[in-house]
Amino acid sequence: MSMYNSPQQTQNAMLLCRQCGVLYPIPAEQPEPDSEAIVDLETFRTDHREHTLERAFRLSEPVLHDRPAWDPMARSWFRVSVGESAFFVCSSRTSIDEPRRHEICHRPPSFLLRGEVDETMLRRALDRHFFPNRLETEKLNSFIAEVRARFAAVDAADVETSYDDPELANAAIGPCPNPVAQDLRKIASHTFGNAWERQQLLDFIDANTDEYGALAIRVLREIRTAA
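The rules behind the values
Here the residue numbering is sequential within each chain, running from 1 through the sequence in written order. Thresholds applied to this predicted model are a pLDDT of at least 70 for local features of residues and 80 or more for the giving and counting of side-chain atom pairs; totals over whole chains, interfaces and linings are not thresholded and use all residues. Water and hydrogen atoms play no part in the side-chain values, which are based on all heavy atoms of the structure. Here a strand is any run of E in DSSP of at least two residues, a helix any run of H or I of at least four, and the numbering for each starts at the N terminus. A radius of gyration in this sense is built from C-alpha atoms; the matching globule rule multiplies 2.2 Å by the number of residues raised to 0.38. Categorising residues by exposure relies on relative accessible area from a 1.4 Å probe, with only protein chains included: less than 20% of the type maximum marks a residue as buried, more than 50% marks it as exposed, and the intermediate range marks it as partly exposed. Contacts are assigned to residue pairs with any non-hydrogen atoms lying within 4.5 Å of each other. Accessible areas in this description were obtained via Shrake-Rupley with a 1.4 Å probe; residue shielding takes into account the shown protein chains only. When charges are counted, Lys and Arg are positive and Asp and Glu negative, with His and the chain ends excluded. Lys charges are placed at NZ, Arg charges at CZ, Asp charges at CG and Glu charges at CD. What counts as a ring pair is set by centres within 6.5 Å for rings of Phe, Tyr and Trp (its six-membered ring), and what kind of pair is set by the plane angle: stacked under 30 degrees, edge-to-face over 60, tilted for all other angles. Here, over-ring charges are defined by two tests on the NZ atom of lysine or the CZ atom of arginine: distance to the ring centre within 6 Å, and angle to the ring normal within 35 degrees. To estimate the expected span of a helix, count its residues, drop one, and scale the result by 1.5 Å. Pairing of N or O atoms within 3.5 Å defines a polar contact, subject to two protein rules: one partner must be a possible hydrogen donor and the other a possible acceptor, and residues neighboring in sequence count only if both atoms are side-chain atoms. Only buried Ala, Val, Leu, Ile, Met, Phe, Trp, Tyr and Cys residues count toward a nonpolar core, and they belong to the same one when joined by side-chain atoms within 4.5 Å. Known as pLDDT, the predictor's per-residue confidence is scaled from 0 to 100. Fitted lines through C-alpha atoms serve as axes, helices being fitted only where they are in contact, and the angles separating the N-to-C directions of these axes extend from 0 to 180 degrees. Note on terminology: angles under 35 degrees are roughly parallel, angles over 145 are roughly antiparallel, angles of 65 to 115 are roughly perpendicular, and the others are oblique. Definitions for this section: a left-handed crossing has its near helix turned counterclockwise from the far helix by less than a right angle. A right-handed crossing has that turn clockwise. Ten residues, namely Ala, Val, Leu, Ile, Met, Phe, Trp, Tyr, Cys and Pro, are considered nonpolar, four, namely Asp, Glu, Lys and Arg, are considered charged, and the remaining ones, Gly among them, are considered polar. Salt bridge, as used here: a side-chain nitrogen of Lys or Arg that lies within 4 Å of a carboxyl oxygen of Asp or Glu.

### What about the overall build of the chain?
Here is step 1 of the chain: Looking only at helices and strands, the chain features five helices and eleven strands.
Here is step 2 of the chain: On C-alpha atoms alone, the chain measures out to a radius of gyration of 23 Å, which is more than a quarter above the 17 Å that the 2.2 N^0.38 rule sets for 227 residues.
Here is step 3 of the chain: Dimensions along the principal axes, computed over C-alpha positions, put the chain at roughly 80 × 30 × 30 Å.
Here is step 4 of the chain: A buried classification covers 36% of the 227 residues belonging to the chain.
Here is step 5 of the chain: A separation of at least 24 residues holds for 64% of the contacts in the chain among residues at least 6 apart in sequence.
Here is step 6 of the chain: For the chain, the exposed area adds up to about 13,400 Å²; of that, 48% sits on carbon and sulfur atoms.
Here is step 7 of the chain: When the 26 positive and 36 negative side-chain charges of the chain are each reduced to one mean point, those points stand 5 Å apart.

Written as C-alpha cells, this is what we have:
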C-alpha cells in the first residue's frame, strides 16, 4: 500500500468541538461495547454541551510519530475530515497514566521523505551469501555505496510500501524498485571481473529485492518541525 493513498474516510469516527479545538474518539460498534469508553464519550458530550459538536473521520493517510508507534508516550499527528474541511490533529499525553488528548493542530509538522537501504542488514546478508568465501572489503564497500546512491535518488513518494517498520518512527518497508534492481544487476555485470563473484552477486540481487529481502527499500518521513 502506498504511503500516499488518496484520502479516504475510515471507520475511525471522532467528535469535534470546534470552539475548544479538541476531539474524542467514538467507540466502534462491537458485540461487547467498551463501557468505560462510552462513559468517557458521554462525559465529553457533557463537558461541551454548550458547544456545537461535529462528527470527524480519520483519513487513511500515513500517521506521523515522534517515536516508534508502539511507544505509549509517542506523540502522533493525523488528519481528519469534517464535512468539506480537513484538519491535522495532534494526539499526545503527559503521562502513561493519563488518557490521550486529541487537539486540532494549526501548525502541523513538516517532513522530508527519502528512501534508504538498511546497510547493516545488507552487509550481513552479503557475508552470509558469500560464505565461506567473502568479497574483498573494497568491492563490498563499492557495491553498498552504489546501492546507497540509487536508493537516495528514488522518488520516495512513488514507492509502494508493504508494511511499517516496527522499530523506526515514520518508516515503511517496500520491495526494491525495479529500475534500481536493474541498475544493480548492470553494476554487478560490468564491474565484477571475477565470473564466480559476478554470478553470486547477481543471484543475491535476484533473491533479495522483495520487501523482506536485504535490498528492500525503507521509506522514511523525517519530521522537520514540530507543532
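### Some words on the packing of aromatic side chains
Here is step 1 of the chain: One pass over the full model with this rule turns up three aromatic pairs.
Here is step 2 of the chain: Centre to centre, the rings of Phe130 and Trp196 are 5.9 Å apart; their planes meet at 75°, and the pair counts as edge-to-face. Here Phe130 is found in helix α2 (residues 119-130), whereas its partner Trp196 is found in helix α5 (residues 195-207), with 66 residues between them in sequence.
Here is step 3 of the chain: Residue classification places Trp196 among the partly exposed positions, given a relative accessible area of 41%.
Here is step 4 of the chain: A cation over an aromatic ring shows up here: Arg58 above the ring of Phe78, its NZ or CZ 3.8 Å from the ring centre.

### Remarks on α5
Here is step 1 of the chain: Given a rise of 1.5 Å per residue, 13 residues ought to cover 18 Å, and the 18 Å separating the end C-alpha atoms of α5 matches this to within 8%.
Here is step 2 of the chain: Among the residues of α5, those classed as buried are Glu197, Gln200, Leu201, Leu202, Phe204 and Ile205.
Here is step 3 of the chain: Two to three positions downstream of the cap, the backbone nitrogen of Trp196 sits 2.9 Å from a side-chain oxygen, assigning the N-cap of α5 to Asn194.

### Describing the environment of Leu140
Here is step 1 of the chain: On the secondary structure map, Leu140 appears in helix α3 (residues 137-152).
Here is step 2 of the chain: Through-space distance from the C-alpha of Leu140 to that of Gln19 is 60 Å; in sequence the pair is 121 residues apart.

### Digging into the nonpolar core
Here is step 1 of the chain: Counting residues in each nonpolar core, the largest one holds 29 residues, and the members touching the most others are Leu122, Leu126, Val147, Leu184, Leu201, Phe204 and Leu215.
Here is step 2 of the chain: Put simply, the parts of the chain that give this core at least two residues each are α2, α3, α4 (178-191), α5 and β11 (217-225).
Here is step 3 of the chain: Residue contacts for Val147: discarding those within four places in its chain leaves Val117, Leu122, Leu184 and Leu215.
Here is step 4 of the chain: With nine residues, the next largest nonpolar core counts Leu23, Val80, Val82 and Ile104 among its residues.

### A closer look at the confidence of the model for the chain
Detailed reading of the predicted coordinates is not advisable wherever pLDDT is low.
Here is step 1 of the chain: For the chain, the mean per-residue pLDDT works out to 87, and 93% of the residues sit at or above 70.
Here is step 2 of the chain: Taken element by element, the chain is modelled with least confidence in strand β1 (residues 9-17), mean pLDDT 77, and with most confidence in α2, mean pLDDT 96.

### Quick word on the packing of α3 against α4
How two helices pack is summed up by the angle between their axes together with the distance between the axes.
Here is step 1 of the chain: In contact at an axis separation of 10 Å, α3 and α4 are set at 155° when each is read in the N-to-C sense. Between α3 and α4, the angle falls in the class roughly antiparallel. The hand of the α3/α4 crossing is right-handed. Contact residues: Phe143, Glu146, Val147, Arg150 and Phe151 in α3; Val180, Asp183, Leu184 and Ile187 in α4.
Here is step 2 of the chain: Tallied by class, the residues present in the contact of α3 with α4 amount to six nonpolar, no polar and three charged.

### Here's the deal with α4
Here is step 1 of the chain: Taking 1.5 Å as the rise per residue, α4 with 14 residues should run 20 Å; its terminal C-alpha atoms sit 20 Å apart, in good agreement.
Here is step 2 of the chain: Buried positions along α4 lie against α3 and α5.

### Quick word on the pattern of salt bridges
A side chain of one charge can pair with a side chain of the opposite charge if their charged atoms are brought near each other.
Here is step 1 of the chain: Evaluated as defined, the whole model comprises 15 salt bridges.
Here is step 2 of the chain: With a closest N to O distance of 3.3 Å, Arg101 and Glu103 form a salt bridge.
Here is step 3 of the chain: Residue class for Arg101 comes out partly exposed when judged on its relative accessible area of 44%.
Here is step 4 of the chain: Take Glu103: its relative accessible area is 32%, and that puts it in the partly exposed class.
Here is step 5 of the chain: The partner of Glu119 in a salt bridge is Arg148, and the shortest N-O contact between them spans 2.6 Å. Here the residue Glu119 occupies a position in helix α2, and Arg148 occupies one in helix α3, the gap between them amounting to 29 residues.
Here is step 6 of the chain: By sharing partners, the salt bridges in this structure join Arg114, Glu116, Asp118, Asp165 and Arg218 into a single network.

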